[in-house]
Each structure stands twice: as structure tokens, then as C-alpha cells.
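Examining the three-dimensional arrangement
Listed below are the residues making up each chain.
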Amino acid sequence: MVASAVKENLGDLNKDSFITLLTKLIGESKYVQNNPPDLIPEEDRIVRHVLDSLLPYSTATGGGPLVVNHVTYKPNRGNLIVEFPGTEPGKIMSFVGMHMDVVTANPAEWDFDPFSMSIDGDKLRGRGTTDCLGHVALVTELMKNLGRTKPKLKSTVVAVFIASEENSSIPGVGVDALVKDRLLDKLKNGPLFWIDTADKQPCIGTGGMIPWKLHVTGKLFHSGLAHKAINPFELAMETLKEIQTRFYKDFPPHSKEEIYGFATPSTMKPTQWNYPGGGINQIPLDCTISGDVRLTPFYNVSDVIKKLNEYVEDLNKNIDKIPTRGPVSKYVLPDENLRGRIEISFDEASSGVACNLESRGFHVLCQATKDAVGHVKPYSITGTLPLIRELQDEGFDVQTAGYGLMATYHAKNEYCLLSDMCQGYKVFTGIISQLEE
């Protein structure tokens, strides 16, 4: 089919149909909050509405060409693979990553009900409008129009709606299981567009994340006799400063970060502080500082963990050389044969992604964005998108985009703009039409 005819065939986003569907999805958002063990989402509540839209145009009902596969690994937690068959074997493209779970929302903190959609001019408001039920509705509308208009495309177009993106503590539910079962293997033959970012521009780089905990042990004593204590707070602050200094020396800004337009280089910083409590006149026994490393994809996560362990080992050996604070501050009490102690531990780490800027998928996404939005300016952030690095490592040409708003992502009073979603639909039809050429 001629490229221009594809766009004409698929038209613009049907706003009424999109809003009707999204209203139903946001109405389920309370039941798809993902924060185990308290809140385990039931993504099949979303699947049901998507199927209501698509089954009339599917082979299951005889009403159309869409091939629909509802894949479930845990009760009520399905994924949905929807396929519009093309005419050329092996020619394929896919939209993946539209996830059917959401982050939690506390209605008491919002200016409107997070769990029912409200409309304020161009704003579509509610939990999941930006991340990611808005995209679920948008790609459903695209697949519905393919099923309804039945254009003669060379490319097969596949949409993969996934469960369990917002929290990975229960494995084997979503895209990880689909990949393991080889249900997405044929998508390697063409570009894969991961639709779960924001602000309408191609997101070409994301960060890795290494959550860390620094546990520091001193000696508890009365604060009026500070010379008999080892102050874990002082030791923690001085230690962390030294660890950060070494980190930034070993993992400085990388030359490729500028090419990819990363907003920040790799960072290591504290975000939480815990100690066991006690009186104001008591120097405590221990404390824990927690934080994360955000790593641009040009560095290796395992290299960083190895280095951080080495820093801590060296600091423990040389604890008497760490700067102290004031004339009686110390980290070693020789008379008592006591030394302060530093330990570092890590929660599950993930790697960042640098999309392939030479691939056909990247070029068609840029051109489609330019045509629909008026300009193209790819960006990168050290925010982390789980799952996509694994897809890239498996051999998929992963490109990422999204049409919600970064400013409301995971935020209170989440909303998206209908006008942005309309442009997103045009990007999708532009991608499909270019891949016909």
C-alpha cells in the first residue's frame, strides 16, 4: 500500500472513542495499583475493556483480521498480544510496553479523584492517564482502526500490552515471561517501539540504577563524654564524602552523553537516613545512609558495584586516616581495641539503555515525530525504564517514545493532554506508513 494512503486510511484519532475507552480504564485504576504485598494489580480488568474494543475486529469473532492472544501467568494478571497480519512474511514492527498497572495514589493528597477520569479543557485527569493507561487506550484505538479499515500492509503490526511494569518484586508475570517463552521472538525482525515515556519526543537513552545502603557502626556513649564514643554519624558523613569523590573520579561524564543529550552524567548520592533512635544526649551505636547510583548506559553496573566494594574495603583498612571533626572526634579507640566499621550492600540493580541511532526504527520515529509534532529533539534521562535493556540484549531494536507528560509522571494530580495523544496517534500512523516504503 502506498505510504500516503496508509495515513489517509487510518485517519486521525477518534477522540470520542478514545475518551470513552480511557474513562473505562481510569475507572479500574484503583484495582491495578502495583505495590506488593499490599496492592497486587488485576491487569485483566484492563484487558477486558481492550478486548471489548478489539474482539469485534478479530479472527475470534470472524469480524476482522486481528489475531488476539491473552497470555496469563498469574491469576487475573494477563498480557495481551494483538497482531494485524501483513502480506510480506518476516516484515514486522511492534508497539510494546503499554503497561496495564499503575503506581499508587492517595486520594487525600489529590485535588480530584485519581480513580475516575475527569476532563478539564484539554486535560484528561486521573491515575494512569500519562503512565500508562493513556497509551493502552491510544494503541488500542490504533489496532482497532487497523482491524476496521483492513489496509493492505506489507508489514505485520503487533501490539503487546503488558502486566507488571511498575514493580518487579513478583517476577514472571509480564514481558519478562513473554520473552522467556519466546512469544516475542519474531518481533526481532523489525523495530520495536516501547511506548511508555513522555513529552512526545524520542527518548534515546535511560539510566541504570544501583540502590545501595551504607551501614556504619560506632560506639554508643553519653554525648557529654564524646571522647569515649565513636560517632557513627560523623564517620558516615566523612566516609560517604570520600566514596562520592572516588566515584566521580572513576565514572566521570562520558563523551557519548553529549551525543545522546543526557540531562545529567552518572550520579551517586544519598536519599535516606536511618538510625535506631535515642536521646539527644546520646551518641548512637550505628546509622544507615541509603541512596542510589544512576548510571548512564556507557558504564557497566557490575564495574561500579565492584569499585564501591573496593572503596569501602580500603576505608575500613584505613579508618584511622579518615578526617575527624573536632579535637575529640575519633573512629578508633585503641584502649578498648575498638574500630568503627563501614559496610555497603546493594538491592537489585538494573542497566540503562542507549538506543541504536543508526537503526531504521530510530530514523522513522524521528521523521514521524517531526511530521506530527512539528519538530524532533531526542532526549535522554537517567531515569530508569525496567525491562528494555533485557530486550535490547536479546537482540531487539528498541526505540522509546510516549505522549503523556513527564511533569505528571508518578505524580499527584496526574493528567495528560488530549492534543498530545492525537499527535501520538499521528506518529504511529507515520511510522507504519514509512515502513511500507
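All values derive from a computational prediction rather than experimental measurement.

Thresholds applied
Residues numbered from 1 in each chain as written. Predicted model: local features only at pLDDT ≥ 70, side-chain atom pairs only at ≥ 80, totals over all residues. Heavy atoms only, no water. Pairing = 2+ DSSP bridges. Helix = DSSP H or I, 4+ residues; strand = E, 2+ residues; numbered from the N terminus. Axes fitted to C-alpha atoms, helices over the stretch in contact; angles between N-to-C directions. Contact = heavy atoms within 4.5 Å. Disulfide = S-S within 2.5 Å. Buried < 20%, exposed > 50% of the residue type's maximum accessible area, 1.4 Å probe, protein only. Core = buried A, V, L, I, M, F, W, Y, C linked by side-chain atoms within 4.5 Å. Salt bridge = Lys/Arg side-chain N within 4 Å of Asp/Glu carboxyl O.

Bringing the sheet that holds strand E13 (residues 286-295) into the picture now. In any sheet, the strands associate via hydrogen bonds between backbone groups, in a parallel or an antiparallel arrangement. Read across the sheet, four strands follow the order E11-E13-E9-E16 without closing on themselves; strand pairing throughout is antiparallel. At either margin of the open sheet sits one strand with a lone partner, and together these are strand E11 (267-274) and strand E16 (341-346). Strand after strand, the sheet turns through a mean of 25° between neighbouring axes, direction not considered. Strands in contact with helix H6 (residues 232-250) are strand E9 (208-217), E11, E13 and E16; relative to E11, the strand with the most contacts, it is inclined by about 165°.

Per the counting criterion, the structure on display carries zero disulfides. Cys416 takes part in no disulfide bond, and the closest cysteine sulfur, belonging to Cys422, lies 10.0 Å away.

With respect to burial, E9 is a largely interior element, seven of its 10 residues being buried. As judged from the 10 bridges shared by E9 and E13, these two strands associate in the antiparallel manner. Bridged to Leu214 within E13 is Ile289.

A few words now on the nonpolar core. If you look at the biggest cluster of nonpolar residues, it comprises 57 residues, and the most contacted ones within it are Phe18, Phe95, Met143, Phe161, Ile431 and Ile432. In this view, Met143 contacts Leu54, Leu66, Val82, Glu83, Phe84, Val157 and Ala159; residues no more than four positions away in its chain are not counted. Counting 29 residues, the second largest nonpolar core, distinct from the first, contains Leu214, Tyr299, Leu315 and Ile342.

Before going further, it helps to spend a moment on the pattern of salt bridges. With the rule as written, the count across this model stands at 20 salt bridges. Arg127 is paired through a salt bridge with Glu414; the nearest N and O atoms lie 2.5 Å apart. Of the two residues, Arg127 sits in the loop between strand E5 (123-125) and helix H4 (133-149) while Glu414 sits in the loop between strand E19 (397-401) and strand E20 (415-417), which places them 287 residues apart along the sequence. For Arg127, a relative accessible area of 2% puts it in the buried group. With relative accessibility at 0%, the residue Glu414 sits in the buried group. The salt bridge involving Lys188 is made with Glu394; its shortest N-O contact spans 3.8 Å.

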